[in-house]
Every structure is written in structure tokens, then in C-alpha cells.
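# A structural walkthrough
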Amino acid sequence: MINRKGRGLLGLAAAAIVSFAVVTGIAAPATAGPTATTGSGTPKPTIVLVHGAFADSSGWNLVAPALEAGGYPVIAFSNPLRGIQFDSQYLRDFLTTIEGPVVLVAHSYGGALITNAATDNPNVKSLVYIAAYALAEGESVAAANGLGGGHSEVTEHLVIRPFPGASENDADAYIDPAVFPELFAQDVPKLVAKTMAASQRPGSYASLVTPSGPPAWESIPSWYMVAKQDRIIPPEAERAMAERAGATTVEVNTSHVPMISKPLSVIALIKQAAK
């Protein structure tokens, strides 16, 4: 049972989120419109949104309704966060259930998944990286953080907790809630950032050092959004990954979560990739 103080805090959090959506110009449609088509008259591709570590699918709550209102089928994929190989295979299998063209959009660690899961999948027409890991073959997340000479502070502020069945030297990693708002989402309302910190989903620690497989961006067109104030993935590393992938690149002056702080920019990039 939630007491009066708890109800008040929940109400404040909800109000902050609604107010933020209004300020950014994003609101969920009251009813779904008819399925739209591309200029050639073919159905629009399904947009699959992939969240990263320390987050969940709710991170796309300001983006998904706007895409749906534009006639795009949208699925916010639930990332298991059990390691690159398992998570990528999970997404690869998931994609086999979707008919027609697909646009894969990923944030942060989710980028490692689309990089692996889309390889040799002819239905995936484009990849969109939102401050995400576009890894090379054999590269790990930890190694990618050093690209371009940048430095990530995230590994200095992790809380490690065990989970059943973990392999040796593996565990769940959380970002310390005390530093989460300023490290992960410094440009969103503080109450929203604190709620994100409290509800974060952990990622497998082994994900940081697991080498990636053959990258899908070698054969699939990609788009990349660099977050210039990112404190999780260094912007220098993001630029290096985007250039290496030959991605159409835009830069925004945001924290690690542009889909929350700059959703209109994210929506515009996704729509560009979906044309």
C-alpha cells in the first residue's frame, strides 16, 4: 500500500514527465491513425527501438507515440541485458517474427545488439545509433570507450550485485543512484532523472569486455546521433564509431539520453533513416 507521501511523490514524478513531454512537443495520440505508406505506396517499415543498459523500454516513451502517429509500426524491444552474445541472439530471433522491412534504432549498449543481430538479415533496411555502440568485429564496449582518446567515468561509479547462474567473474552492474542523474541524464528534470536511477535495469558486467561479431553496418546503411555532452560514452568515441561505419551523422548538445532530452531530433533522424 502506498502512503500519502508516496502518492505525492508519484504524482510529482508523473507531473514532471507530462510537463516535460508538453515542453518538448511530444504527446501520445488519442487514437491510432491509419497505416501510412512511403512515397512509393509501400507500407512503412517497422521501427524496432532497442534500449541499453541501466534503462528499459520506457526510455522511448517520448519517441514511440510520435512515430506511431506518423503511421509507423513501432515495437520497443525488451533487452534481456545478459551479455552481447545472448542479447544479440535474442534480438535476432525476435526479428524473424516481423514481416516486411525493419529499421533498427538503438541507444547505448543496444547499439552492440543491432550491430550483431542485423548481420545477414535482408529485412533490416537501416540502422540508427542514438549515442550507441557501433562496434567493430572483435571489439568490446570497454575498448570502444577509448576510441578517439575519450574517457568514460561510468566504470568508476558502478554498484555490483550477484545474480543466480552468473559465470565466474560476472555480476549485475548498476550505476550508483547518487551519481546517476549527473552522469546519465544531466539535462532532464531532476525528478525524472532520479526516477530513472531508481528504476534502472542492471546490465551484465561481462558485457563490457565481450568481443563483438561481424558488424551489420558494413552492409546496411546507418545513421548516428552524437551526444556532445555524453558522460557515459565519450563523444570522441561516438564520432569515431560513426565515421568508421560511414554513418550519416548529426550532433546534438545533450546528455547520454537524447531520446528523452531532445526527442524531436531523435524522431527526425529515425524518419530520415526510414524513408
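So, here is what we can say about the structure in this document. (Residues numbered from 1 in each chain as written. Predicted model: local features only at pLDDT ≥ 70, side-chain atom pairs only at ≥ 80, totals over all residues. Heavy atoms only, no water.)

Relative to the assigned elements, His 51 resides in the loop between β1 (46-50) and α2 (64-69). By relative accessible area, which is 2% here, His 51 ends up buried. There is a polar contact of 3.4 Å between the side chain of His 51 and the side chain of Arg 201. In contact with His 51, other than residues within four places in its own chain, are Asp 56, Ser 57, Trp 60, Phe 77, Ser 78, Asn 79, Leu 81, His 107, Gly 110 and Arg 201. (Helix = DSSP H or I, 4+ residues; strand = E, 2+ residues; numbered from the N terminus. Buried < 20%, exposed > 50% of the residue type's maximum accessible area, 1.4 Å probe, protein only. Polar contact = N/O pair within 3.5 Å; in protein donor to acceptor, adjacent residues only side chain to side chain. Contact = heavy atoms within 4.5 Å.)

The element strand β3 (residues 102-108) is extensively covered by neighbouring structure, given that seven of its seven residues are classed as buried. Across seven bridges, β3 lies against strand β4 (residues 124-132) in parallel orientation. Along β4, the bridge assignment pairs Leu 104 with Leu 127. (Pairing = 2+ DSSP bridges.)

Here we take up the packing of aromatic side chains. In the structure shown here, the tally under the stated rule is five aromatic pairs. Ring geometry for Tyr 129 versus Tyr 224: centroids 5.9 Å apart, planes at 20 degrees, classification stacked. Here the residue Tyr 129 occupies a position in strand β4, and Tyr 224 occupies one in strand β8 (residues 222-227), the gap between them amounting to 95 residues. Among the residues examined, Tyr 129 registers a relative accessible area of 0% and is labelled buried. Classification of Tyr 224 as buried rests on a relative accessible area of 1%. (Phe/Tyr/Trp six-rings, centres within 6.5 Å; stacked < 30°, edge-to-face > 60°.)

What follows concerns the sheet that holds β8. The parallel open sheet is built from six strands, whose spatial order is β2-β1-β3-β4-β8-β9. Looking along the sheet, the strands with just one partner apiece sit at the ends: β2 (74-77) and β9 (248-252). Each adjacent strand pair in this sheet contributes to an overall mean axis angle of 15 degrees, direction not counted. Examined bridge by bridge, β8 and β9 share five bridges and lie parallel to one another. Across the sheet, the residue bridging to Met 225 is Val 250, located in β9. Where helix α3 (residues 84-95) meets the sheet, it contacts β1, β2, β3 and β4, and its direction lies at approximately 155 degrees from that of β2. Contacting β4, β8 and β9, helix α8 (residues 235-244) runs over the sheet at an angle of about 165 degrees to β8. (Axes fitted to C-alpha atoms, helices over the stretch in contact; angles between N-to-C directions.)

Moving on, we get to the nonpolar core. Counting residues in hydrophobic clusters, the biggest one holds 80 residues, and the most contacted among them are Ile 47 and Leu 127. If near-sequence neighbours (up to four positions away) are discounted, Leu 127 is found in contact with Leu 104, Ile 114, Ala 118, Ala 216, Trp 217, Ile 220, Pro 221, Ser 222 and Trp 223. (Core = buried A, V, L, I, M, F, W, Y, C linked by side-chain atoms within 4.5 Å.)

Here we come to the environment of Ala 240. As for its placement among the helices and strands, Ala 240 is situated in helix α8. In sequence terms Ala 240 and Ala 134 are 106 residues apart; their C-alpha atoms lie 9.5 Å from each other.

Turning next to helix α10 (residues 263-274). A rise of 1.5 Å per residue sets the reference length of α10, with its 12 residues, at 16 Å; its end C-alpha atoms lie 16 Å apart and thus fit the reference within 8%. Three or more residues of α10 are buried, namely Pro 263, Val 266, Ile 267, Leu 269, Ile 270, Ala 273 and Ala 274. On an axial view of α10, the arc spanned by its buried residues comes to 165 degrees, and they lie on one face. (Expected span 1.5 Å × (residues − 1). Arc of directions from axis to C-beta.)

A few words on empty space enclosed by the protein. According to the stated counting rule, one finds one cavity of 30 Å³ or more in the structure shown. There is about 220 Å³ of room inside the largest cavity. Looking at the largest cavity, it is lined by 17 residues, and the ones nearest its centre are Ala 53, Phe 54, Tyr 109, Val 141 and Leu 208. Partitioning the lining of the largest cavity into residue classes produces 11 nonpolar, six polar and no charged. (1 Å grid on protein atoms, 1.4 Å probe; cavity = no way out; pocket = protein on both sides within 12 Å on 5 of 7 lines; lining within 4 Å. Points joined across faces, edges and corners; volume = space filled by probe spheres on them. Nonpolar A, V, L, I, M, F, W, Y, C, P; charged D, E, K, R; others polar.)

Strand order across the open sheet formed by three strands is β5-β6-β7, with antiparallel pairing between neighbours. Among the strands making up the open sheet, the edge pair consists of β5 (158-161) and β7 (203-204). Bridging between strand β6 (residues 172-175) and β7 involves two bridges; their strand directions are antiparallel. Within β7, the residue paired with Asp 172 across the bridge is Ser 204.

Okay, the side chain of Ser 126 next. The residue Ser 126 is located in strand β4 in this model. Among the polar contacts listed, one links the side chain of Ser 126 to the backbone oxygen of Ala 273, at a separation of 2.9 Å.

With that settled, the discussion passes to the packing of α3 against helix α4 (residues 110-117). In contact at an axis separation of 8 Å, α3 and α4 are set at 60 degrees when each is read in the N-to-C sense. As the angle between them shows, α3 and α4 are arranged oblique. As for the relative orientation of α3 and α4, their crossing is right-handed in sense. Residue-level contacts link Ile 84, Asp 87, Ser 88, Leu 91, Arg 92 and Leu 95 of α3 to Ala 112, Leu 113, Ile 114, Asn 116 and Ala 117 of α4. Looking at the contact of α3 with α4 residue by residue, the class counts come to seven nonpolar, two polar and two charged. (Parallel < 35°, antiparallel > 145°, perpendicular 65-115°, else oblique. Left-handed = near helix turned anticlockwise from the far one by under 90°.)

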